[in-house]
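A closer look at the structure
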Amino acid sequence: MQRERVTESVYVFTSGLYAQVTATLITTAEGAVLVDTLLYPEETLQISRFVHERLNMPVRYVVNTHYHADHTLGTCFFPDALVIAHRQCRDLLDTRGRKSLEVMRANANDLDNVQVVLPQVVFDDQLTLCLGNKTLRFWHVGGHSPDAIIGLMEEEQVLLGADTVMVLPHFVDGHYETFVQSLQQLQGQSYECIVQGHGEVILRGEIEDRLAEDLAYLNKLQVLVDKAIDNAGDSEVRLEKALEAIKIEMCGKSKVLLSGAVQQLHRQNVLALAKARRAAHGAPIK
Ligand SMILES: [Zn+2]
């Protein structure tokens, strides 16, 4: 795991074990706020030791940016923190979150001590957390998953993009149009940096290009999916082939990101968007 101090009060931890997923620690004179908690206990416990032993401060609040296990499973290692999330995150953790932990436990024995923790404080649209002269604002966006939120550390203008900003946009558990809107609202701001849900921190000078690249990917994807649907007529076999032919590079993204894992995410995007586009035109894929 990599630890990086991105501004005076903000540390970012990037997993070496799972898809470069990140957790962000905001330090204040009255304790710390941890946004997301990683997947594997080994790495979450390193964060815990760093805050408690090196910085010598309590973690007062944990924020879950959405219910996906790679962002929330470590929450149980901060039993004294108040846990905050979107209202739907609590419901989804209680249902899908519990189920996915069962499945993962069957495949990995290092998750034996992990438990799903349900957030105690939930919000619908937005929430502002003031602690030790620092202000953290969180708001609902919902494109990556129904409960997805974004955060901003206002004093140092650090945007906590969570999975709305990751190396490849991924809307399979959420909604394509909503995802596009949530990226558009980040354009033209004056952020110091963006902490991605997966991948390296995006620096100030790179932000606009990166947001434009993500939006171009989503736009190109839709153009190519629509074309594939049109050309296939009513042949399911032709459609399957045409969708298969939409490669990630054709949408302006590299296939080597996240050690190649992006290709699978891209494939999921193609299929999800094709399903949504056909449903919208009255011909749902079975
Ligand atoms: Zn996610």
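This text goes with the structure placed above it.
What this report covers is the structure whose coordinates are included nearby. (Residues numbered from 1 in each chain as written. Predicted model: local features only at pLDDT ≥ 70, side-chain atom pairs only at ≥ 80, totals over all residues. Heavy atoms only, no water.)

**Structural notes on the coordination of the zinc ion**
Under the convention used in this document: Each metal's donors are the N, O and S atoms found within 2.8 Å of it, except that Na, K and Ca use a 3.2 Å limit; water is left out, so coordination can look incomplete. For a four-donor site, all angles between 85 and 135 degrees give tetrahedral; for four or six donors, opposite pairs above 155 degrees with the remaining angles between 65 and 115 give square planar or octahedral; all remaining cases count as irregular. In this text, helices come from DSSP runs of H or I with a minimum length of four residues, and strands from runs of E with a minimum of two, each type numbered from the N-terminal end. Buried residues are those whose accessible area, probed at 1.4 Å on protein chains only, stays under 20% of the maximum for their type, while exposed residues exceed 50% and partly exposed ones sit between those limits.
Taken together, H66 (NE2), H68 (ND1), H144 (NE2) and D163 (OD) make up the full set of protein donors to the zinc ion, lying 2.2 to 2.3 Å away. Angles of 89 to 178 degrees at the metal separate the four donor atoms of the zinc ion, which places the site in the irregular class. Read from N- to C-terminus, the donor residues coordinating the zinc ion fall into the pattern H-x1-H-x75-H-x18-D. In this pair, H66 is assigned in the loop between strand 5 (59-63) and helix 2 (69-72) and D163 in the loop between strand 11 (158-162) and helix 4 (176-184), connecting sequence segments 97 residues apart. Overall, the relative accessible area of 1% leaves H66 in the buried class.

**Here's the deal with the environment of I84**
The test is simple: Note on contacts: a residue pair is in contact if any heavy atoms of the two residues lie within 4.5 Å.
In this structure, I84 sits in strand 6 (residues 82-86). I84 gets classed as buried once you look at its relative accessible area, which sits at 3%. Sequence spacing of I84 and L25 is 59 residues, and the spatial spacing of their C-alpha atoms is 14 Å. Look past the residues within four positions of I84 in its chain and what remains in contact with it is Y61, V62, V63, N64, P119, V121, F123, L127 and L129.

**Describing unusual backbone geometry**
Here L258, not a glycine, exhibits a phi torsion of approximately 50 degrees, which is positive. If you trace the backbone, L258 turns up in the loop between helix 6 (236-244) and helix 7 (262-280). Within the chain, S259 stands out as a residue other than glycine whose phi angle is a positive 55 degrees. Inspection of the secondary structure assignment puts S259 in the loop between helix 6 and helix 7. Residue S259 is classed as exposed on the basis of its relative accessible area of 73%.

**Digging into helix 7**
The criterion, for reference: One less than the number of residues in a helix, times 1.5 Å, gives the span that helix is expected to have.
A rise of 1.5 Å per residue sets the reference length of helix 7, with its 19 residues, at 27 Å; its end C-alpha atoms lie 27 Å apart and thus fit the reference within 8%. Those residues of helix 7 that fall on the buried side of the exposure criterion are V262, L265, H266, R267, N269, V270, L273, A274, R277 and R278. Where helix 7 is buried, its residues meet helix 4, helix 5 (207-232) and helix 6.

**Some details on the side chain of H170**
Of note, H170 is situated in the loop between strand 11 and helix 4. Discounting residues that sit within four places of it in the chain, H170 has contacts with H144, F179, L265, Q268 and N269.

**Here we look at the pattern of salt bridges**
Where we set the bar: When a carboxyl oxygen of Asp or Glu is within 4 Å of a side-chain nitrogen of Lys or Arg, the pair counts as a salt bridge.
Counted according to the given criterion, the structure contains eleven salt bridges. Here D214 makes a salt bridge to K253, at a shortest N to O gap of 2.6 Å. Linking D214 in helix 5 with K253 in the loop between helix 6 and helix 7, this pair joins segments that are 39 residues apart in sequence. Across the pair, K253 and D214 agree in class, each one buried.

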